[in-house]
Amino acid sequence: MSGKKTLIQLISLLAALSLLLAACGSPAAPAAETSAPLRWSLEGINELPALDPPLAGASQSVGVISLVFEGLVRLDGGLNIAPAGAESWDVKDGGKTFIFHIRKDLKFANGDPVTAEDFAYSLNRAFAPEYANGNAGYYLSNIAGSMEVQQGSAQTISGVKVIDAQTLEIDLLNPSVYFLYQLTFPASFVVSKKAVEANPTAWTDTAYGTGPFMVKEWKHNQSITLVPNPNYWLGKPQISEIDMPFIQDPATALKMYQTGELDIMGTYNFPTDQISAVSSDPAFHQFNQFFVAYIGFNNARPPFDNVKVRQAFAKAVDKATLINKVLEAAVVEADTIIPPGMPGYNADSAKIQAFDAAGAKQLLADAGYPDGKDFPKIALSINNQDPNFPKIAAALQQMWKETLGVEVEINTEELSKFNDDLTATANDPAAAGALDFYISVWGADYPDPQNFVSQQLRTGVGNNNGHYSNAEFDALVDKADVEPNLPSRLPLYQQAETIALTEVGWLPLYYGKANLLINTKVKGLVVTPQGLFPEVDWTKVTVGK
Amino acid sequence: MAEIPTIAEQTAPARPWWMYFLRNRAATAGMVFILVALLLALAGPTVYQRLLPADQQRSRDGIFQDYESINAEASPVHWLGADYLGRDTLTRLLVAVRVSLLVAFVVEAINIGLGGLLGLLAGYFGGWVDMLISRLADMLFAFPGLLLAILISAVFGSTARELYGGTGRLLLVAAALSLVSWPLMARLIRSETLALKSRDFMLASRSLGASDFQLIARHLLPNVAWIITVAATLDVASVIVNEATLSLLGLGIEEPGASLGLMIFRAAGKIERYPLQVFIPAVMITALVLAFSFVGDGLRDAFDPRSRQSG
Amino acid sequence: MWRIISQRLLSLIFVLFSVTFLTFIVSSLAPGDPVLNMMGGRQDPVRYQFLRHMYGLDLPWYQQYFNYLGNLLSGNLGYSFKYPERPVWSLIANGVPVSMQLGLTALTVSVLLGVPAGVLSALWQNTWRDTATMTIMLALYSVPSFVIIPVLWVVDLALYRAGWPSLPVAGWGKPEQLILPVLVLAAANIGFIARLMRSSMLEVMRQDFVRTARAKGAPESIVIRRHVLRNALLPLLTVLGPATAFLVTGAFVVENLFAIPGVGYLAVQSIGQRDYPVIQATTILLALAVVVMNLVTDIGYTLADPRVRAD
């Protein structure tokens, strides 16, 4: 055998192999439908973290779950509570008892009927101890008897009662006005017992529920494809298919959009440093979001256990320069915890942390570190997912050095490593590996200030990663959370917010904007501060040629 | 990548090696470029800063963020413009070259010290010493390229920074990259040593009672020195690219430090609007890589009589 | 020959064994408690112990390692830390065909373009065409992929805006999405193969048997095809292994920048996420690819070269 022959054989073998693989990889031609497929990127992930509703945590998971599953109620394009699985509902006992009337003809995508039993099964399942990592406990712990199930001392939730096939009663521990909003979050969405039990480990690979779409194929680490649910209670959607590739880097997704490979991009992450390049495009949408980027502090150990140090760091920040120059005004300067547009927003809070170089220096001196002398070595931790963060961090570093004389290190981490470290900080703030301070973000789950105030900074709540604690604050929010009357709740949240801003529980940096590119041939979608919604419902959404 | 042939004959060249080297125009140009780059990287930032009056000097220190000069074009103050934070691009470029060369220097020091020494020992002593060293090299060879360096910089990056700051991070990157380099060096030196060991002059010295140390130091080392030089020079090119790749993936040099990879990474998103911010570091890294390749090739041709003819 | 192969297989097993050990050690030295991180915000000692037990982290390290090896031999790669419900195998299974398709296509392209470029350049030796070809090849070999990619993006976007045919810039699944990443990945290899091919051609053309064939009056085209090309292709076989390893290395950057869900992408992402079971599995898999490729090269070389075969 000569060398030449071997080589040629090898080349033809390689060519044949790669052709074969190419043939395997190419998708089958889509069947003719009323509307073209919708190509919609999921930015910031290389794999969908979860598709099982109780495990919904990441916004990408929430987005896909909300297309496949539905609960008792939903949010419409105007952010109002609208009927979904429940046709109507009655509120009794001053907001403590909810009676839901389940739609008679409600079916799972496979045609099986859905009854109150299915909703009860799904709620009990969401609180099962093996889903302790999920979000049910976080959103729905107000349901009477739910925590007993989560802790394993009960099998079923005492507050969830099946009256008959079409009637479900849910009893709460405390009257709540935002309970219906909490039900629009996936934790309570209805799943098919049959599907789950047929394949407990991999049922989500072909998941279906009562949502407008169902999973056709989940190519792990690559993409997920949804097709219309023929049994959707509002009718079968017209879009033939939704193709959702996972794109880690939003800049890559933007490039794909720009060369015509995507119809919608930016839902989960947008390369904010490139907004000026697309802002004149009619397909570009920008909306204020209920979203705040802020600096959180580790309140449990020096130096940030000292309120004066936190105040000095806050007053040393020239936010106007930071946002308008460094970030080229792609976002809006934030001075409050409750974002504008949210009930309870208080413009008067804006001056509490205003830039004041001399005041900042004085506060640091009062804290025992004149001109930053003997200040401990600290690092500001950021994740590398958001292109804004490295810029902000570098600018903050300079501001703190110039004004306070403090050298701050920047600790840049992968998003998931950052989240892990934040969790570790929440679990044990005194540990050596805990973060000193960090840039983090919070986006509303539902439009209620409780979600921004009580659930972020009350002593001991899950999101209070930096262990901020103030008794007066706690008393105010505890009172507000159970107050049924919205106008009387808001001043309580505003007072609490003033305390948290004065003590720098958070150092808010900017309010986010939703940046989205939606090709003009996609009709029937609206952008709200909470994401992308169909104007009326998914059956009216179409993609033109 | 380059295969370095063993010397067929140990005859003294008719002309000194540097005469051959200087006749190679590409290699000479590469050498001049490297020397100029080195000089600029070391002294450039200071001189460039001193050209301004004392009170304005910090606008060129490469770290100071002048928020009025964000993404500025070239100007009398910022000769190559300023970056997304208003930092001087020329200074950052020169500091980045300094970092590239410093990392390359540390890697090659480890590469020569560790790879060269282990290669000599393996080739000279054979037996279990050879066995041990060769298997160790085989193992590191099996890691595809950067994977081990990526893993080590990722896992220990924050620890290194916590302990020793930016320098710790830089040294960690260099140490991780040298793991990619030294096995090839060890392999080359081992095979050359094997070839030299059985040669007459070695056998003669040994029969005259020379110790192992004397044999290695007096006879082996001078004869493999040129291979070490050539291999290390050629390796610099890939070290520079690898350091940039690590920084590009966010695992190498961090802000406010400068690295060519980091400069490209930060500017890549805005390449349409500010193409120079990508092209300046990109051209620099390409030029450095080419220069070290030319010099490496030139040195090999100059030292190795056999490859000289094929030129 | 069987002796060589069996020796090789033995060392292959040893190398893979050491790779598992090294990645295991790096993973267990890494700072941070993976279980604590996995549990999220909820402190629950019972669940903590349960998860530690489930992942076998409550055992002494050597026992963990032996368990790991045992599971590995039975094909069980464990469970991902990041996606606790997903076995590592299912995460990797999707990446392997993707990376193989990318790598094999790139290899084919680099051989199909690199070999002719090298051959022609050798035939045009010392003409301007030779110089031009070799300059382009050297540039392809030297310019890092992260420099080529942004340039391609800008060009592609300009083409699309002008209404000209353009290529997908990222993603996976459609044949046309293969083109840009394959070109970038193949670029360095084309340069490498062309340079190697040229010097190997020149080497053969100087040999006695070629001179003899010419002296006997054989037409030049026959001399080239029958004698030169045949022998000059042989060294190419020896570099196909390293060339493939080169492609695997390059794939880290290319897969990440083009969002291609291959093994390189998974490896880098899992390193970023500190998902050690996935890191270990991808490392072993990639090391296996490199080692097997080298073995195949050796065997191919043995079969192709009668001198080695006789050995």
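This one's a predicted model, so the numbers in the text were calculated from it and none came from an experiment. (Residues numbered from 1 in each chain as written. Chains lettered and ligands numbered in written order. Predicted model: local features only at pLDDT ≥ 70, side-chain atom pairs only at ≥ 80, totals over all residues. Heavy atoms only, no water.)

**Quick word on the domain arrangement of chain A**
All names here are of chain A.
- Considered domain by domain, chain A is made up of domain 1 (45-247) and domain 2 (288-513).
- With centres defined by C-alpha atoms, the gap from domain 1 to domain 2 works out at 33 Å.
- Between domain 1 and domain 2, the contact holds nine residues from the first and 14 residues from the second.
- Carbon and sulfur atoms supply 59% of the area that domain 1 and domain 2 bury against each other, a total of about 1,000 Å² over both sides.
- Between the two partners, domain 1 and domain 2, sit zero salt bridges. (Domains from an automatic or database assignment. Contact = heavy atoms within 4.5 Å. Buried area = accessible area lost by both parts, 1.4 Å probe. Salt bridge = Lys/Arg side-chain N within 4 Å of Asp/Glu carboxyl O.)

**Focus on the interface of chain B and chain A**
- Tallying the contact residues gives 24 residues for chain B and 22 residues for chain A.
- Both sides together, the interface formed by chain B and chain A hides about 1,900 Å², and carbon and sulfur atoms give 42% of it.
- For chain B, the biggest contributors to the area lost against chain A are Tyr 67, Arg 161 and Arg 273 of chain B; these three give 27% of the whole.
- In this assembly, chain B and chain A are joined by two salt bridges.

**Considering the packing of helix α5 (residues 147-197) of chain B against helix α1 (residues 2-29) of chain C**
- Between α5 of chain B and α1 of chain C, the least distance of the axes is 10 Å, while the angle of their chain directions is 15°. What the angle tells us is that α5 of chain B and α1 of chain C run roughly parallel. Considering the relative orientation of α5 of chain B and α1 of chain C, their crossing is left-handed. Contact residues: α5 of chain B offers Leu 148, Leu 151, Val 155 and Phe 156 of chain B, while α1 of chain C offers Leu 22, Thr 23, Val 26 and Leu 29 of chain C. (Axes fitted to C-alpha atoms, helices over the stretch in contact; angles between N-to-C directions. Helix = DSSP H or I, 4+ residues; strand = E, 2+ residues; numbered from the N terminus. Parallel < 35°, antiparallel > 145°, perpendicular 65-115°, else oblique. Left-handed = near helix turned anticlockwise from the far one by under 90°.)

**Topic: the packing of aromatic side chains**
- All chains considered together, the criterion is met by 28 aromatic pairs over all chains.
- Between Phe 98 of chain A and Phe 100 of chain A the ring centres are 6.2 Å apart and the planes differ by 15°, which places this aromatic pair in the stacked class.
- These aromatic residues form a ring-pair network of at least three members: Phe 297, Phe 304, Phe 313, Tyr 369, Phe 375, Trp 400 and Phe 437 of chain A.
- Note that Lys 255 of chain A overlies the ring of Trp 153 of chain C, its terminal NZ or CZ placed 3.7 Å from the centroid.
- Cation over ring: Arg 60 of chain B sits above Tyr 48 of chain B, and NZ or CZ is 4.0 Å from the ring centre. (Phe/Tyr/Trp six-rings, centres within 6.5 Å; stacked < 30°, edge-to-face > 60°. Lys NZ or Arg CZ within 6 Å of the ring centre and 35° of its normal.)

**Notes on the environment of Gly 252 of chain B**
All names here are of chain B.
- With respect to the helices, strands and loops of the structure, Gly 252 is situated in the loop between α7 (212-248) and α8 (260-268).
- With a relative accessible area of 0%, Gly 252 lands in the buried category.
- In the structure, Gly 252 is positioned 92 residues away from Ala 160 in sequence and 11 Å away in space, judged by C-alpha atoms.
- Not counting residues up to four positions away in its chain, the partners in contact with Gly 252 are Arg 169, Val 173, Leu 246 and Ser 247. (Buried < 20%, exposed > 50% of the residue type's maximum accessible area, 1.4 Å probe, protein only.)

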